[in-house]
Structure formats: structure tokens, C-alpha cells
Amino acid sequence: MTHDVCFILEGTYPFVSGGVSSWVHSLVKALPEINFTALCIMPSREQRLEVKYVLPRNFRDYEVFYLHDPGEGENGGGKKLTADAMPALRRLHEGLGNGGLSAFENVVRLFRSGGMSIQELMHGKKAWDLLLSQYGIDSSDDSFIDYFWTYRISHLPLFRVLQANLPDARVYHSLSTGYAGVLGAIAHIVTERPFLLTEHGIYFKERRIEIAQADWIFSQKSRHARPERDLNRLHGLWMRIFQSFSLISYHYAERIFTLFEGNRETEIADGADPDKIEVLPNAIAPERFYNMRGKKGGIAGKDPLVIGFVGRIVPIKDLKTFIRAIKIVAMRLGRIEVRIMGPTDEDPSYAIACRELVRELGLQDVVRFLGKVDVKDHYPELDLLVLTSMSEAQPLVLLEAPCAGIPCVATDVGACRELLEGRNTEDRALGPSGMISRPADPIDTARCIAGILGDPELWEAMSEAGRKRVVRYYSAHDLYERYETVYREHMARETQEV
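Residues numbered from 1 in each chain as written. Predicted model: local features only at pLDDT ≥ 70, side-chain atom pairs only at ≥ 80, totals over all residues. Heavy atoms only, no water.

- As annotated in an unreviewed UniProt entry, the chain carries the name Group 1 glycosyl transferase and comes from Oceanidesulfovibrio indonesiensis.

1. Comments concerning the overall build of the chain
Moving on, step 1. Counting its regular elements, the chain contains 18 helices and 13 strands.
Moving on, step 2. Its C-alpha radius of gyration of 24 Å places the chain within 12% of the 23 Å reference for a compact globule of 498 residues.
Moving on, step 3. Counting only C-alpha atoms, the chain reaches 80 × 60 × 40 Å along its principal axes.
Moving on, step 4. Here the chain holds 498 residues, and the buried ones make up 54% of them.
Moving on, step 5. Taking the intrachain contacts of the chain between residues at least 6 apart in sequence as the baseline, contacts between residues at least 24 apart amount to 74%.
Moving on, step 6. Counting only carbon and sulfur atoms, one obtains 48% of the accessible surface of the chain, whose full area is about 22200 Å².
Moving on, step 7. Charge-centre separation for the chain: the mean point of 60 positive side chains lies 2 Å from the mean point of 68 negative side chains. (Helix = DSSP H or I, 4+ residues; strand = E, 2+ residues; numbered from the N terminus. Rg over C-alpha atoms; globule rule 2.2 N^0.38 Å. Buried < 20%, exposed > 50% of the residue type's maximum accessible area, 1.4 Å probe, protein only. Contact = heavy atoms within 4.5 Å. Areas by Shrake-Rupley, 256 points an atom, 1.4 Å probe, with all protein chains shown as cover. Lys, Arg positive; Asp, Glu negative; His and termini not counted. Charge placed at Lys NZ, Arg CZ, Asp CG, Glu CD.)

2. Brief notes about the domain arrangement of the chain
Moving on, step 1. What the domain assignment reports for the chain is domain 1 (3–74 + 116–219 + 228–279) and domain 2 (286–474).
Moving on, step 2. Its C-alpha centre places domain 1 at a distance of 32 Å from the equivalent point of domain 2.
Moving on, step 3. Facing the eleven residues of domain 1 at the interface are twelve residues of domain 2.
Moving on, step 4. Summed over both sides, the interface between domain 1 and domain 2 buries roughly 840 Å², with carbon and sulfur atoms accounting for 61% of that surface.
Moving on, step 5. Counting the surface domain 1 buries against domain 2, the share from its top three residues, Ser17, Leu259 and Phe260, is 49%.
Moving on, step 6. Linking domain 1 with domain 2 are two residue pairs in polar contact (both at pLDDT 80 or more), by the criterion used here.
Moving on, step 7. Residues that form the side of domain 1 that touches domain 2 fall into these classes: four nonpolar, four polar and three charged. (Domains from an automatic or database assignment. Buried area = accessible area lost by both parts, 1.4 Å probe. Polar contact = N/O pair within 3.5 Å; in protein donor to acceptor, adjacent residues only side chain to side chain. Nonpolar A, V, L, I, M, F, W, Y, C, P; charged D, E, K, R; others polar.)

3. So, the side chain of Glu418
Moving on, step 1. Structurally, the position occupied by Glu418 is in helix H14 (residues 416–421).
Moving on, step 2. Ignoring any residue separated from it by four or fewer positions in sequence, one finds Glu418 in contact with Phe260, Glu261, Arg423, Asp427, Arg469 and Tyr474.

Written out as C-alpha cells, the structure reads:
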């Protein structure tokens, strides 16, 4: 069956809740006349997969691709490499800006025609010679063992991606660069069908942060490492690989959709063609949330004041900064109640550490961990919502809560500032709907929380500004209509060409 649209998703829908998964689910439900499928990239079969959503009827036949598991026939006898295989691979390693994009196409076609095999590229003599050449056997002082394993671990998943099966579709739509973006590019090369790219967060930027802080990459200076300044050769190898993934994705995508102007500037700096990029902010259905809190009145005399945190309990959300800020606020404002709402299954050890921090700070009677809940059940009772993320794109919770009439405090990352203070002159004239705090700064976060909850008139003004801003600028109807138009344009064109 030929599907209208095939999403290519890395570690998200339908197996992970929230974020990009919620976005995909809402878009599929909103476009019932378009039939969707997906190629879902997940780490390994060893990870138990559980579908987190009731799948819409127009989302069918999705497939799972396991990045770290051997594919069919991978461990059997490999075919000999064709004569042009190693030169193409060598040109690809020399850099995408130096004719490497054409080398990438050659490598894709060789893999899919049987001219390259994973067996030969992992165990063959020619591949071994290339590895030695890349390492610089006569000049390098770095550990060859570490280089060998880094090369192997970084390249094997890519080789598997290069020969992955692709669902039949009229349009391929990746929701990130990375492996999903590379697969989107491969889909375009192999099928000549349109490839669309939507970036919520900037994949390469997030990987860059992870690699700079990674303790699983060997470093002789690891005991006293300073992120960014002490990056060694192996960090650099990982960086170049993920940077290459972004360049490949940007080059082969016909259109690039991004959530806010800051993302667009980063994509251009990372090599994307400005003419391909369209800023298309996330949005919500305002009628689902409008004035849920505002109807309950203001905060003057309210006891206790209720503060919410909505998000996955993972390090990048920096819940520990929020908890430390709450300790300061509790000492300053007196009675408060804190509700932490979000799944804990993605990083259970971090969730345990957060609970321990609550106990260490004596906040057991103040802070409650509610797990995954329907936030609409809690918005009518929240007086403030706080987001302390180290990295965000355009978080939906900063649309939902303001629409409900709840002022917010958020770190100065991603689109948070423009969501709370406005995107342009007309938007900013509505007034702020919250305050912006510095990342990883509990004192500044506490200052913002106490500043809003300690001033009932300011709270009222922010509550009203948030409701108006979301209704005027972030209606999901407009977003869905735009994507439907884009899909139909590309589906129709493809039907004529194929």
C-alpha cells in the first residue's frame, strides 16, 4: 500500500509520551483524510516498547527500525566490495563540503544495490586499511583501541540505516535531522519522492551538548574536563558525524519547517538554505484550555498557592533547579503546594535522585510527584507554572498554561522568551504572560516565582495577556491547515512524476 505521508521518527511516537510525540499524534488526528504511516527508529529490541497512544485510524502499518540490532543477513558472509566502494567511502569521510554529498549518494546506491556490505565494512581488509588511514597509524598519539571502538560504534548504526527498508509513501517527513533526517534523505534519493523536514529542537545542537558532557567517550583529561574546551579527537569524531547528518538532511529536504526565528538562525549557521526554511510555530486548540484557571479568580488571599511543573522527569528539564528554587520560595512565601506532573520511566535514576533531593531539602510536605496525568485536571487549580529546562524548542506547555490563564516562569532557552513576552511589536504590546529566568539558577528562578505570586495585580495582568496571546497567535487550526496544504502540494506533484 502506498501511504500519503510516511513520518520518519527517532525515539518518539508512538512509544514516548509528550513533546514531538504529542505533536505527531495531534497532527494525524487533525488530518483524517490523509493516511499516514511511520518508520520509527528505536535503539534495540532489548528495550521494551509500549504504544503510549490510541492510534488514529489514519495512522497504519508503522514499522520499527532498530539502530543497534543486526539486520537480516548482517552476520552472514558478506559480498565483496565493488571497485568503486572504498573510493566513495573515502570521499565521504573527507567531508560533505568537498564533494562528499555526491559521495553520499554513491554510497547509498552502492549499499542498496549490494555493492557494499556491512560484513565487509566491519571485518574486511580494505575497510581495515581505511580505518588505519583515518586514524593516522604513523602519526597519531591517541589510543588506537579507543579510536577503533569509537569508529565502529559510530559507523555501524549508519551502515544499517543506509540499507533500511522504507515504507512506500508519496511524501517522507522527518521530525529531526540525525538518523531520521539521513533516512529521509535516503528515501528521496532512492524513490525521488519529496522529503520534508520539521525541526522542533535542533538535533545537532542537542547532540553537541551531550557529547561535550559525555563521560562515555574516553578522554585523557576526563577527571578535570571542561566541556567544549577539553574536547578530544573522539569527541570531535562524534561531532563531525552528527554535523554531517544535519548537512545531509538540510541538503536533501525540499522544505524545512522550524518553530521560531532562533531555530532558523541556527539552522542557517549549520548549513541550511535560508530559502527552504519556513517558521511555523507550534499551536494548540485554545478552546480546550481557555480561561480554565482565570474563572477561579485571582491569587489575593489564596492559601496555599499552587505551583506546577509539567514535563518529562529527565536531566534536560533540570527539575533539580526547580526543586532548589521551591525551597527558597517556601521560606519566603510561606504555604505553597507543588505538583510535579510528568512521566518518570525515561530516566528512572534521575527521577529517584529528584525525590531524594526533595527529602534532603525537607520538602516532603510541599512537593508531590504525580506522574503522567491529564494536565487539564490540574490547570484550574494552578497559580503558576514553572519550566526550568536546559534546552527547549517551543514547549506546548507554555501555550496551554497561558491559555488557561496561568502565568509562567521559564528559562531563557528556545522560544520561551517570545512565548511569554511576544514575537513582534504587536504581540509584545499585549504585555508579558510570565517571567524569564536564567538556566540552572535556583535563586533567579525563585526570584521570578516570588515576584509573580507576591503581586496579585501583576498576576492578573499576566493571566489576561497569556489568554489573549495564545488565542491570537497560536491557534492549531492554522497550523494543521498549513501542513495539509504542504502535504497535498507535494503528494499531487509526486503522483504526476512517479
